[in-house]
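Spelled out, the chains give:
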Amino acid sequence: MGVLAKRSSMTFFSDGNDHYSHRVRIVLAEKGVTVDIVSVDANDALPEELVELNPYGSVPTLLDRDLVLYESKIMMEYLDERFPHPPLLPVYPVARGQCRLWIHRIEKDWCSRVDTIERSAPESAAAATARKELRDSLVSVAPIFGDKPFFMSDEYTLVDCCLGPLLWRLPRLGVQLPQSRQVKPLLDYMDRIFAMGSFRASLSDQEKEMRSSRAA
């Protein structure tokens, strides 16, 4: 995966279906980091090495020499500091804090609903409620995606790295956005970030199948 522009001794344990793993793979690809990716299916027996490294036995897990990280936001910020070009967080503290707050809100408002849909039976009341709430929330904020080329920014940031995997999975989650004038800025944003080289390089085989007609 990715561009072999920078040397690294990293190993990344990644579930190809998991949006938290996907966001880290986007950062790795955006930075052009050479990394050994170990594919893990969270529903199967975990590799013994992963169990030894991570006390929670979870993915994603990033190993960089003697450092082990197992929280996606920490991994993304670590990679941004370890490989500073291109930067994925603003320079100024106020803007950096705002980006972190947006990521927090994305996780509270949207990722939590994605997790509910994925962990519930497809036809369950919990999944149906989360599906509707996710769709309605995205539709309501869609116009703000027309203000800047990226989420509330002229530059691609970690916020976009978190949003991309979530939006890519909408068809698999059973969330269909209306093709309306109100939602068009969000649809255009999705087309824009899905076409980026780093995003395409980050896709696992499972993720390519989620939108096979657009990932080809």
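It should be emphasised that the depicted structure is a prediction, and the values quoted were computed from it without experimental measurement. (Residues numbered from 1 in each chain as written. Predicted model: local features only at pLDDT ≥ 70, side-chain atom pairs only at ≥ 80, totals over all residues. Heavy atoms only, no water.)

Colleague: Is there a simple way to explain the packing of helix α4 (residues 93-119) against helix α5 (residues 125-141) in this structure?
Modeller: For any two helices packed against each other, the geometry is given by the interaxial angle and the distance between the axes. Remark: α4 packs on α5, axes separated minimally by 8 Å, with the N-to-C direction vectors making an angle of 150 degrees. Between α4 and α5, the crossing angle belongs to the class labelled roughly antiparallel. Read as a crossing pair, α4 and α5 show a hand that is left-handed. Residue-level inspection shows Trp 110, Arg 113, Val 114, Thr 116 and Ile 117 of α4 in contact with α5, the latter providing Ala 126, Ala 127, Ala 130, Arg 131, Glu 133, Leu 134, Ser 137, Leu 138 and Val 141. Of the residues assigned to the contact of α4 with α5, the class counts are nine nonpolar, two polar and three charged. (Axes fitted to C-alpha atoms, helices over the stretch in contact; angles between N-to-C directions. Helix = DSSP H or I, 4+ residues; strand = E, 2+ residues; numbered from the N terminus. Parallel < 35°, antiparallel > 145°, perpendicular 65-115°, else oblique. Left-handed = near helix turned anticlockwise from the far one by under 90°. Contact = heavy atoms within 4.5 Å. Nonpolar A, V, L, I, M, F, W, Y, C, P; charged D, E, K, R; others polar.)

Colleague: Just to check I follow, could you spell out the pairing of strand β3 (residues 61-64) for this structure?
Modeller: For a regular strand, side chains alternate in direction, first toward one face of the sheet and then toward the other. The alternating pattern of β3 places Thr 61 and Leu 63 and Leu 62 and Asp 64 on opposite faces, both of which are buried. Adjacent in sequence and paired antiparallel, β3 and strand β4 (residues 67-69) are bridged by two residues, among which Arg 65 carries a positive phi angle near 55 degrees. (Buried < 20%, exposed > 50% of the residue type's maximum accessible area, 1.4 Å probe, protein only. Pairing = 2+ DSSP bridges.)

Colleague: Looking at this model, I keep getting lost on the packing of aromatic side chains. Mind explaining?
Modeller: Remark: the centre distance and the inter-plane angle together describe each pair of aromatic rings, the angle taken between the planes. Overall, the coordinates contain eight aromatic pairs when judged by the stated rule. Judged by centre distance (5.7 Å) and plane angle (90 degrees), the rings of Trp 102 and Phe 151 are edge-to-face. Remark: Phe 151 occurs in the loop between α5 and α6 (158-168) and Trp 102 occurs in helix α4; sequence separation between them is 49 residues. We classify Phe 151 as buried; its relative accessible area is 8%. An aromatic cluster is defined as three or more aromatic residues linked by ring pairs; in this entry it consists of Trp 102, Phe 145, Phe 151 and Tyr 189. The ring of Trp 168 has Arg 211 sitting right over it, with the charged end atom 5.5 Å from the ring centre. (Phe/Tyr/Trp six-rings, centres within 6.5 Å; stacked < 30°, edge-to-face > 60°. Lys NZ or Arg CZ within 6 Å of the ring centre and 35° of its normal.)

Colleague: What exactly am I supposed to notice about the pattern of salt bridges here?
Modeller: A side chain with one charge may pair with a side chain of the opposite charge, provided their charged atoms come close. This structure, assessed with the given rule, holds 16 salt bridges. Notably, a salt bridge pairs Asp 136 with Arg 135, separated by 3.6 Å at the nearest N-O pair. Judged by relative accessible area, which is 31%, Asp 136 ranks as partly exposed. Residue Arg 135 is classed as partly exposed on the basis of its relative accessible area, which comes to 30%. (Salt bridge = Lys/Arg side-chain N within 4 Å of Asp/Glu carboxyl O.)

Colleague: Even after reading the chapter, I still don't get the environment of Thr 129, so can you show me in this structure?
Modeller: Summarising the element assignment, Thr 129 is placed in helix α5. Classification of Thr 129 as partly exposed rests on a relative accessible area of 43%. Measuring from C-alpha to C-alpha, the distance between Thr 129 and Ala 42 comes to 25 Å, with 87 residues separating the pair along the chain.

Colleague: How should I be thinking about the packing of helix α1 (residues 19-31) against α4 in this particular structure?
Modeller: Where α1 meets α4, the axes come as close as 11 Å, and the angle between the chain directions of the two elements is 125 degrees. Classified by the interaxial angle, the pair formed by α1 and α4 is oblique. Facing α1, whose interface residues are His 19, Tyr 20 and Arg 23, α4 presents Glu 107, Cys 111, Val 114, Asp 115 and Glu 118. Residue composition of the contact of α1 with α4, by class: three nonpolar, one polar and four charged.

Colleague: Explain unusual backbone geometry here, please?
Modeller: For the bond from Val 59 to Pro 60, the omega torsion is 5 degrees, close enough to zero to count as cis. Inspection of the secondary structure assignment puts Pro 60 in the loop between α2 (48-53) and β3. For the bond running from His 85 to Pro 86, omega is -5 degrees, close enough to zero to count as cis. By secondary structure assignment, the location of Pro 86 is in the loop between α3 (72-82) and α4. In this structure, Arg 65 is a non-glycine residue whose phi angle is positive, near 55 degrees. Checked against the element boundaries, Arg 65 lands in the loop between β3 and β4. Even without being a glycine, Met 152 presents a positive backbone phi close to 55 degrees.

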